[in-house]
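Geometric and topological summary
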Amino acid sequence: AQSVTQPDIHITVSEGASLELRCNYSYGATPYLFWYVQSPGQGLQLLLKYFSGDTLVQGIKGFEAEFKRSQSSFNLRKPSVHWSDAAEYFCAVGQEYGNKLVFGAGTILRVKS
Amino acid sequence: DAMVIQNPRYQVTQFGKPVTLSCSQTLNHNVMYWYQQKSSQAPKLLFHYYDKDFNNEADTPDNFQSRRPNTSFCFLDIRSPGLGDAAMYLCATSRVGALHEQYFGPGTRLTVT
């Protein structure tokens, strides 16, 4: 069965610093990969997605992610973090059969000034 | 703007008193999902509708039921809420051809007293 691992439960970065959130997945075929962001008390917002093609995908709010098949990873990056980026970030993989998502446990991002 | 709407945003109910949460969508998507999310955890899929076909997750308690009277609306019924059912409830939608790409509503925060 597919699974998603986000190794970092919490990450703290300084405003203006770069950010990388890690995501590893287990999947037999080419996965459908997603990053979602959730602000406190809100629903999940889709940041970006990877289905096929270029392994570096651009998303909203200045985020990007790179699919690396050899490492089974789909890490999220942002060159310069803003205080408004403080939120919880979830990586997800589309289930091989059916129409469900498998979520990682999430990474809480704190931004310090 | 096309969107997923959840009402109410905050719901307080008493232990054992039935409660219904509402979700509507203007995206005209075929699939609608209900997730339960407890604090600092990933969303947990309860069930989903593919058009009128209901798909229950194996570990969803019988206490949770759902109705989808038409394409636009889906309801989550909790027949006898317990203290452990206090959580954020998220509704999401997806369309045929992009089934894994889910769009989430803002959620309903349920408190059980």
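Residues numbered from 1 in each chain as written. Chains lettered and ligands numbered in written order. Predicted model: local features only at pLDDT ≥ 70, side-chain atom pairs only at ≥ 80, totals over all residues. Heavy atoms only, no water.

1. Points about the interface of chain A and chain B
The interface of chain A with chain B comprises 22 residues on the first partner and 22 residues on the second. Interface area, chain A with chain B, both sides summed: about 1,700 Å², of which 55% is carbon and sulfur. By the criterion of area lost to chain B, the three top residues of chain A are Leu44, Asn99 and Lys100 of chain A, representing 33% of everything that side buries. The shortest N-O distance in the salt bridge between lysine 100 of chain A and glutamate 57 of chain B comes to 2.7 Å. Taken together, chain A and chain B are joined by six residue pairs in polar contact (both at pLDDT 80 or more). Counting only elements with at least two residues in the side of chain A that touches chain B, the list comes to β5 (33-38), β6 (44-50), β10 (87-94) and β11 (101-103) of chain A. Classifying every residue of the side of chain A that touches chain B by side-chain character gives ten nonpolar, nine polar and three charged. (Contact = heavy atoms within 4.5 Å. Buried area = accessible area lost by both parts, 1.4 Å probe. Salt bridge = Lys/Arg side-chain N within 4 Å of Asp/Glu carboxyl O. Polar contact = N/O pair within 3.5 Å; in protein donor to acceptor, adjacent residues only side chain to side chain. Helix = DSSP H or I, 4+ residues; strand = E, 2+ residues; numbered from the N terminus. Nonpolar A, V, L, I, M, F, W, Y, C, P; charged D, E, K, R; others polar.)

2. A word on the sheet that holds strand β8 (residues 73-78) of chain B
Strand pairing in a sheet relies on backbone hydrogen bonds. The paired strands run either parallel or antiparallel. All names here are of chain B. With respect to topology, four strands assemble into an open sheet ordered β1-β3-β8-β7, the strand pairing being antiparallel. The open sheet has two edge strands with one neighbour each: β1 (4-7) and β7 (64-67). Averaged over all pairs of adjacent strands, the angle between strand axes in this sheet comes to 20°, irrespective of strand direction. Bridge analysis of β7 against β8 gives four bridges, and the strand direction is antiparallel. From the neighbouring strand, arginine 67 faces β8, where its bridge partner is phenylalanine 75. (Pairing = 2+ DSSP bridges. Axes fitted to C-alpha atoms, helices over the stretch in contact; angles between N-to-C directions.)

3. What about the confidence of the model for chain A?
With 96% of its residues at a pLDDT of at least 70, chain A reaches an overall mean of 92. Strand β3 (residues 19-21) of chain A holds the highest mean pLDDT among the elements of chain A, 98, whereas β11 of chain A holds the lowest, 90. (pLDDT = per-residue confidence, 0-100.)

4. Description of the pattern of salt bridges
Throughout the structure, instances matching the rule amount to eight salt bridges over all chains. Where glutamate 66 of chain A meets arginine 77 of chain A, a salt bridge forms, and the shortest distance between an N and an O atom there is 3.1 Å. Of this pair, glutamate 66 of chain A sits in strand β8 (residues 64-68) while arginine 77 of chain A sits in strand β9 (residues 73-78), and the two are eleven residues apart along the sequence. The salt bridge involving aspartate 59 of chain B is made with lysine 44 of chain B; its shortest N-O contact spans 3.5 Å. In this pair, aspartate 59 of chain B sits in the loop between β6 (53-56) and β7 while lysine 44 of chain B sits in strand β5 (residues 44-50), placing the two residues 15 residues apart along the sequence.

5. Observations concerning the nonpolar core
All names here are of chain A. Counting 27 residues, the largest nonpolar core has Leu19, Trp35, Leu47, Leu48, Phe74, Leu76 and Tyr89 as its most contacted members. Residue assignment for this core shows that the elements contributing at least two residues are β2 (10-14), β3, β5, β6, β8, β9, β10 and β12 (107-112). Residue contributions to this core peak at four residues, all from β10. In contact with leucine 76, other than residues within four places in its own chain, are Leu19, Glu20, Leu21, Trp35, Leu47, Leu48, Phe63, Glu64, Ala65 and Tyr89. (Core = buried A, V, L, I, M, F, W, Y, C linked by side-chain atoms within 4.5 Å. Buried < 20%, exposed > 50% of the residue type's maximum accessible area, 1.4 Å probe, protein only.)

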